[in-house]
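# Inside the fold
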Amino acid sequence: MSTLGCHLCDQAIDILVTTLDPGLHSVDEVDIAEDDALVERYGVRIPVLVDESSGAELGWPFDRATLLDFVEGLA
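Keep in mind that what you see is a predicted model, and the values were worked out from it rather than measured. (Residues numbered from 1 in each chain as written. Predicted model: local features only at pLDDT ≥ 70, side-chain atom pairs only at ≥ 80, totals over all residues. Heavy atoms only, no water.)

For side chains bearing opposite charge, pairing can occur when the charged atoms are close. All told, the structure shown has 2 salt bridges when counted by the stated rule. Glu57 serves as the salt-bridge partner of Arg41, at 2.9 Å between the closest nitrogen and oxygen. Here Glu57 lies in strand E2 (residues 57-59) and Arg41 lies in helix H2 (residues 36-42), a separation of 16 residues in the sequence. Under the relative-accessibility criterion, Glu57 is labelled partly exposed at 27%. Arg45 is the salt-bridge partner of Glu57, the closest N and O atoms lying 2.7 Å from each other. With Glu57 in strand E2 and Arg45 in the loop between H2 and strand E1 (48-50), this residue pair connects regions lying 12 residues apart in the sequence. Each member of the salt-bridge network shares a partner with another, and the members are Arg41, Arg45 and Glu57. (Salt bridge = Lys/Arg side-chain N within 4 Å of Asp/Glu carboxyl O. Helix = DSSP H or I, 4+ residues; strand = E, 2+ residues; numbered from the N terminus. Buried < 20%, exposed > 50% of the residue type's maximum accessible area, 1.4 Å probe, protein only.)

See below:
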C-alpha cells in the first residue's frame, strides 16, 4: 500500500527491488488514494506490505532483514 509522493514508499520500493527475487515474488503497488476504505485503513501507516493469501502485513519501517523475515514467515 502506498500513494503518489510518499517518500517513505519510495524508500520501501528501493528495499523491495534490491531484496526480492522477481522470479519468486511479485509485488503490486496499490495507491490507497483511489479507495476511501484504504485511505482510512492505511492513510497514516503507509507504506505497508500486505500478503494477499494470508492477509499478513508488514508496516514501515522495515529493512532488508525484516523484509526477508516477513517473506520467509509466509512460506
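Two cysteines form a disulfide when their sulfur atoms are joined by a covalent bond. The final tally for this structure, using the stated rule, is 1 disulfide. One disulfide in the model links Cys6 with Cys9; its S-S distance is 2.5 Å. The S-S bond linking Cys6 to Cys9 shows a torsion near 75 degrees; that makes this disulfide right-handed. There is no split in this pair, since Cys6 and Cys9 are both buried. (Disulfide = S-S within 2.5 Å.)

So, about the layout of surface pockets. In this model, the largest pocket occupies a volume close to 790 Å³. Lining the largest pocket are 27 residues, and of these Ser26, Val27, Asp28, Leu49 and Val50 sit closest to its centre. Breaking the lining of the largest pocket down by element, the ones donating at least two residues are helix H1 (7-19), E1 and helix H3 (64-74). Here the lining of the largest pocket takes 5 residues from H1, the largest share from any one element. A breakdown of the residues in the lining of the largest pocket according to their chemical character gives 19 nonpolar, 3 polar and 5 charged. (1 Å grid on protein atoms, 1.4 Å probe; cavity = no way out; pocket = protein on both sides within 12 Å on 5 of 7 lines; lining within 4 Å. Points joined across faces, edges and corners; volume = space filled by probe spheres on them. Nonpolar A, V, L, I, M, F, W, Y, C, P; charged D, E, K, R; others polar.)

Don't take any of this as a statement about function, it's just geometry.
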